[in-house]
Amino acid sequence: MNKIIHGYVQHRPLLLFFLLLTTVSPYKLSAEIKHVKVGVFEASPMVVLGNGNPEGLFIDLVSYFQEELNWDVEYIEATWNDQLENLEKGDIDLLPAVSYTQERTLIYDFSEDPVYIDSGVLYTRPDYPLHTIFDLNNKKVAGLEGSIFTDGFIEYINSFGVHCEIIYTLDNVEVMKALIEKEVDAGISIYSLGNELMKQYPVDVTPISFSPRALHFAVPKGKNHELIEGIDSLMDTMISDSDSFYHRSFKKWTVAFPSETFPVWGLWVIFGLIFLGLFFILWTIVLRYQVRLKTASLNTEMKEHKDAKKVLKRSLEEKEVLLKELYHRTKNTMQVIRGMINLQAADYPQSPSIHALVDKTSERIQSISLVHEMLYKTENLSCISIREYIISITSLLVSSYGKESTIKVEYNIADLYFFIDTVIPFGLLLNELLTNSLQHAFIENKAGLISMTLCEKVNQRILFTYSDNGVGYKVEEVSSIPHLGTRLIHELGEMQLNGILKMESVNGTQYYLDFPINNDSSRI
């Protein structure tokens, strides 16, 4: 026995140290004090401003965390929208009473346990009775800009096909002011704050609620993880304990405690409330009947709308098939015309000029045919990729002249889409440029280079540059050249495409075409 007592006395300092470790918060053992900038805004009873120091349920918890986690708290006051921006930029470290949404998880990190569950509620003036959501059609409604409850209300009325003009405000107090000054017919507010504001402003709460949300603490995305970890550690313990600091503060700010003495006039109030309750029950029955009638009418309209959409979709699909078939038949018809011309030319084997004319015409038909072939294959029936078109027609022409091994082609073409009424004259112009280069620029099958650049300028204009390093031409002789190809290049570029065409001959031939384009929307 004496040995046991002696051992206890001998190891008593170690036991005391062990008890200290098990009873003191691990965050308090750290000598480092964490400076935490907390954003606050008026959201009573969650956050209450105006009495010097901030108060409210979330502020009580911040004070508790400050003590337990060794924080040095600095409160920064601003509007709700400004605080969301401050949190995203990292100008504040912690923001209370933030509604959890999937969209916001991309910008902020949230505490694990919600502190409070709230929802959006609609408020009106006493002189404006609001029975159902349909009574708000074409009315003005005030709501806090950037609030998820304002967005939730818009989704709510859209689901019923109700249209409202939304008047955005900077805070919920302005919502109530706009309501009592008759600038709007109804106002959107979070339920907890709205009930507090009802004590200052003569407004009525309606039974129309929407968008229930859990309120959490939030920090900037990927930052201040130690703050969230400390909050989660303490909240997890407090939530499971009904007598914890969290539950006492929750009751303090959200539960109205009865007075110790019950006055006599309270009985009359109770009887009056019972009477009002019966009245509202009857009124609710009437409202539900009206809602059923309007819901039935709405369902009928929705069914008619769906049937009309099906008919429209079927009609569009039929027109799409017909349009594809038209492009396909146009392409086939041009190939038939091209074949007939070639067959007709066979009757004149001794006439090189006729064969040259037939080849030229065949190449021009091929450039138009390629447009319809690409339109037939694409999902967009009104425009095609100009880059794919330029590469395709160039490859066809170089191959048809048998110069794949001697002529190299370089492309720097932006990935743009042109409408058919632009592609066809552009394709004919490109056909003439390529034909001129392949026939005249490279003498005696000499190797050469063809370069093409196409890019979009400002004001929806296109700059197309074409060049070869062939023999070139004399600039002063261009106006006297009688060839159809040269005339076509000018007419297509300046008349058909409404562009500005410039020609140069420096180490070969260069063409510069600046023309307008409009690719904002489909024309089909």
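Quick caveat: nothing in here was measured; it's all calculated off a predicted structure.

Basis of the calculations
- Residues numbered from 1 in each chain as written.
- Predicted model: local features only at pLDDT ≥ 70, side-chain atom pairs only at ≥ 80, totals over all residues.
- Heavy atoms only, no water.
- Helix = DSSP H or I, 4+ residues; strand = E, 2+ residues; numbered from the N terminus.
- Buried < 20%, exposed > 50% of the residue type's maximum accessible area, 1.4 Å probe, protein only.
- Contact = heavy atoms within 4.5 Å.
- Areas by Shrake-Rupley, 256 points an atom, 1.4 Å probe, with all protein chains shown as cover.
- Salt bridge = Lys/Arg side-chain N within 4 Å of Asp/Glu carboxyl O.
- Pairing = 2+ DSSP bridges.
- Right-handed = clockwise from strand over helix to strand, strands pointing away.
- pLDDT = per-residue confidence, 0-100.
- Phe/Tyr/Trp six-rings, centres within 6.5 Å; stacked < 30°, edge-to-face > 60°.
- Axes fitted to C-alpha atoms, helices over the stretch in contact; angles between N-to-C directions.
- Expected span 1.5 Å × (residues − 1).
- Polar contact = N/O pair within 3.5 Å; in protein donor to acceptor, adjacent residues only side chain to side chain.
- Parallel < 35°, antiparallel > 145°, perpendicular 65-115°, else oblique.
- Left-handed = near helix turned anticlockwise from the far one by under 90°.
- Nonpolar A, V, L, I, M, F, W, Y, C, P; charged D, E, K, R; others polar.
- Core = buried A, V, L, I, M, F, W, Y, C linked by side-chain atoms within 4.5 Å.

**Side note on the overall build of the chain**
Line of reasoning, step 1. The helix and strand tally for the chain stands at 14 helices and 16 strands.
Line of reasoning, step 2. Looking at the chain residue by residue over its 524 residues, the buried ones come to 41%.
Line of reasoning, step 3. Long-range pairs, those at least 24 residues apart, make up 74% of the contacts in the chain between residues at least 6 apart in sequence.
Line of reasoning, step 4. For the chain, the exposed area adds up to about 30,400 Å²; of that, 57% sits on carbon and sulfur atoms.

**Quick look at the pattern of salt bridges**
Line of reasoning, step 1. Within the structure shown, the criterion is met by 10 salt bridges.
Line of reasoning, step 2. For Lys252, the salt bridge identified is with Asp60, shortest N-O distance 3.6 Å. Linking Lys252 in helix H9 (residues 245–254) with Asp60 in helix H3 (residues 57–69), this pair joins segments that are 192 residues apart in sequence.
Line of reasoning, step 3. By relative accessible area, Asp60 is classed as buried at 14%.
Line of reasoning, step 4. Between Asp514 and Lys457 there is a salt bridge, and its shortest N-O distance comes to 2.5 Å. You can see Asp514 sitting in strand S16 (residues 509–516) and its partner Lys457 sitting in the loop between strand S13 (448–456) and strand S14 (461–468), a full 57 residues away along the chain.

**Things to note about the pairing of strand S2 (residues 71–77)**
Line of reasoning, step 1. Examined bridge by bridge, strand S1 (residues 34–40) and S2 share 7 bridges and lie parallel to one another. What sits directly across from Val38, in S2, is Tyr75.
Line of reasoning, step 2. What joins S1 to S2 is H3, and the crossover it makes is right-handed.

**Considerations on the confidence of the model for the chain**
Detail in the predicted coordinates should be disregarded across regions flagged by low pLDDT.
Line of reasoning, step 1. Mean pLDDT over the chain works out to 80, with 76% of the residues at or above the 70 mark.
Line of reasoning, step 2. By mean pLDDT, the top-scoring element of the chain is S14 (95), and the lowest-scoring one is helix H1 (residues 2–10) (44).
Line of reasoning, step 3. Between residues 13–24, whose pLDDT stays under 50, and residues either more than four places distant or in other chains, the model counts 3 contacts.
Line of reasoning, step 4. Low confidence marks residues 520–524, where pLDDT is under 50. Its contacts with residues over four positions away, or in another chain, come to 13 contacts.

**Points about the packing of aromatic side chains**
Line of reasoning, step 1. All told, the structure shown has 20 aromatic pairs when counted by the stated rule.
Line of reasoning, step 2. Measuring from ring centre to ring centre gives 5.0 Å for Phe58 and Phe217, while their planes differ by 65 degrees; the resulting arrangement is edge-to-face. Remark: Phe217 occurs in strand S9 (residues 204–220) and Phe58 occurs in helix H3; sequence separation between them is 159 residues.
Line of reasoning, step 3. By way of ring pairs, the aromatic residues Phe58, Tyr64, Phe65, Trp71, Phe217 and Phe245 are connected into one cluster.

**Things to note about the sheet that holds strand S15 (residues 500–504)**
Line of reasoning, step 1. The strand order across the open sheet formed by 5 strands is S11-S13-S14-S16-S15, and the pairing between neighbours is mixed. The sheet terminates laterally at strand S11 (407–413) and S15, the two strands that pair on one side only. In this sheet, adjacent strand axes meet at a mean angle of 10 degrees when their direction is disregarded.
Line of reasoning, step 2. Pairing between S14 and S16: 8 bridges, direction antiparallel. What sits directly across from Thr465, in S16, is Tyr512.
Line of reasoning, step 3. Along the sheet, helix H12 (residues 386–400) contacts S11 and S13; its crossing angle with S11, the most-contacted strand, is approximately 170 degrees.
Line of reasoning, step 4. Most of the contacts of helix H13 (residues 420–441) go to S14, to which it runs at about 15 degrees, and overall it touches S11, S13, S14 and S16.

**A short note on helix H5 (residues 148–159)**
For the α-helix, the turn length of 3.6 residues means that residues three or four positions removed from each other point alike.
Line of reasoning, step 1. Its 12 residues place the ends of H5 16 Å apart at the C-alpha level, agreeing with the 16 Å of an ideal helix rising 1.5 Å per residue.
Line of reasoning, step 2. Those residues of H5 lying buried are Ile148, Phe149, Thr150, Gly152, Phe153 and Ile157.
Line of reasoning, step 3. Against strand S3 (95–99), strand S5 (116–124), strand S6 (139–144), strand S7 (164–169), strand S8 (186–190) and S9 lie the buried residues of H5.
Line of reasoning, step 4. The N-capping residue of H5, defined by a side-chain oxygen 3.1 Å from the backbone nitrogen of Phe149, is Ser147.

**Remarks on the packing of H3 against H9**
Line of reasoning, step 1. In the contact formed by H3 and H9, the axes pass within 9 Å of each other and the chain directions differ by 155 degrees. The angle between the axes of H3 and H9 places the two elements in the roughly antiparallel class. For the pair H3 and H9, the crossing hand works out as right-handed. Of the residues in H9, those touching H3 at Leu57, Asp60, Leu61 and Tyr64 are Phe245, Tyr246, Ser249, Phe250, Lys252 and Trp253.
Line of reasoning, step 2. Of the residues in the contact of H3 with H9, the class split is 7 nonpolar, 1 polar and 2 charged.

**A word on the environment of Arg288**
Line of reasoning, step 1. With respect to the secondary-structure elements, Arg288 resides in helix H10 (residues 265–345).
Line of reasoning, step 2. In this structure the C-alpha to C-alpha distance between Arg288 and Thr132, which are 156 residues apart in sequence, comes to 9.2 Å.

**Thoughts on the nonpolar core**
Line of reasoning, step 1. Residues Phe65, Trp71 and Phe217 are the most contacted members of the largest nonpolar core, which totals 58 residues.
Line of reasoning, step 2. No other element matches the 7 residues that H3 contributes to this core.
Line of reasoning, step 3. Those residues in contact with Trp71 that sit more than four places away from it in its chain are Ile33, Lys34, Val36, Val62, Phe65, Gln66, Leu94, Leu227 and Ile231.
Line of reasoning, step 4. The next biggest cluster of nonpolar side chains, apart from the first, holds 38 residues, and it includes Leu397, Ile450, Ile462 and Leu488.

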